[in-house]
Amino acid sequence: MSDRLAVLPQYLIPKQALTAFAGWVAGKERGAVTTWIIRRFVDKYGVDMNEALDSDIANYPSFNAFFTRALKPGARPIAEANLVAPVDGAISQFGAIEGDQIFQAKGHRYSTTALVGGDAALAARFAHGSFATLYLSPRDYHRIHMPCDGRLLRMVYVPGALFSVNPATARGVPGLFARNERVVCVFESTRGPFVMVLVGATIVGSMATVWHGMVNPPRPGEIREWRYDDQQILLRQGEEMGRFLLGSTVVLLFPPPPLAFSPDWAPARPVRLGEAMANYAAP
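Below or above, wherever it landed, is the structure these notes cover. In this convention, every chain numbers its residues from 1, walking through the sequence in written order. The model is predicted, so local features are restricted to residues of pLDDT at least 70 and side-chain atom pairs to those at 80 or more, both for listing and for counting; the totals for chains, interfaces and linings are taken over all residues. No hydrogens and no water enter the side-chain calculation; it runs on all heavy atoms of the structure.

## Section: a nonpolar patch on the surface
Threshold: Two joining distances apply to patches: 9 Å for like charges and 5 Å for nonpolar side chains (Val, Leu, Ile, Met, Phe, Trp, Tyr), and every residue must have over 30% relative accessible area and no salt bridge. All accessible areas in this document rest on Shrake-Rupley with a 1.4 Å probe, and a residue is counted as covered only by the protein chains that are shown. The term salt bridge refers to a side-chain nitrogen of Lys or Arg lying within 4 Å of a carboxyl oxygen of Asp or Glu. In this text, helices come from DSSP runs of H or I with a minimum length of four residues, and strands from runs of E with a minimum of two, each type numbered from the N-terminal end.
Taken together, the side chains of Val-33, Trp-36 and Ile-37 make up a nonpolar region of the molecular surface, amounting to roughly 280 Å² of accessible area. Mapped onto the elements of the fold, Ile-37 is located in helix α4 (residues 32-45).

Structure, rendered in C-alpha cells:
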C-alpha cells in the first residue's frame, strides 16, 4: 500500500475532537487507573524509566505528568558544538534550504513562509540557510531544549490541521509540517536569528513553553502573536524551552551560510538531546 493511501483515513477522522478528548484523558488524576495506564504505556513502548528523575510510575498523578517527566541531572550531557540536538527523537530530514523550500520527503517540499505562518519577511532571513526536522516518538523524552544560546524575540501560534507526524505520514501528506497546528518561536543568537517550530499532531493535547506556559488549548482558529523585543528572555544552550504533551516534531531554521552538520547524521537515525548537531561554516 502506498503512503498516500495509508494516510487517507487521517483525512476522514475527527482529529480535533480526538485530540481534545486525548488531552482531557491525559490530564485526569485517577489514582490506580492512571498508574495502570502509564505502566501499560511504558511496557508497550519500552520507556526507560531509569533515567527519569522520578522512576516510580506510581508517583505520577496524571499521564501528562508522566509524559513530561524530567530526566536525572547529567542524563544528557551537552556536546562541545555550536549547535546541539534539542530533543530525543529521530532525524526526519536535515540540510540546506533551497531558496525558500524545505525538503519533507521524496516528492514533497514546503516553503519557509508557509511554515512560519505567512510571514514572508521572517522567512526571507532563512533563504539558502539550513533546516533540521526531528521527530519525537511516544517513547521519547518530550521536553524541548535550546540548540544554542538565544534571546527570545517572538512567539506565534499558527492554527492548522492535526495529522500524525510519523514518518509514513510525512511521506504521504504534502506540506505536512506547514499544514499542522504549530508554535513558531523566534530567537536571536550571536550568529543571527533562528527559529524553533513546535509542530502539533493528532492527540498532541497541548504545547507549552517555559516563558508562557500552555500555548494551546485554547484553539481559537486564528494566528496569535506575542512579542518579547522589550524583554530580556535569555535561554542558554541545553536549557529547557518547551514541551509536548504526547509526541510530535520540531523544525529548526538557521540563516545562511549553510551549516556543517555532524557527519554521523542521516535521515531516520536516532538522536539524543545534547549530542552534536552542527557547527557554523568557516567564514
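## As for unusual backbone geometry
Quick reminder of the rule: Exposure classes here rest on a 1.4 Å probe applied to the protein chains alone. A residue is buried below 20% of its type maximum, exposed above 50%, and partly exposed in between.
Looking along the chain, the bond that leaves Pro-256 and enters Pro-257 is cis, with omega of 0°. The residue Pro-257 is located in the loop between β15 (249-254) and β16 (260-261) in this model. Unusually for a residue other than glycine, His-128 sits at a positive phi of about 65°. With respect to the helices and strands, the residue His-128 is situated in the loop between α7 (120-124) and β5 (130-135). Positive phi, normally seen in glycine, also occurs at Ala-268, with a value near 80°. Relative to the elements of secondary structure, Ala-268 occurs in the loop between β16 and β17 (270-271). The exposure class of Ala-268 is exposed, given its relative accessible area of 60%.

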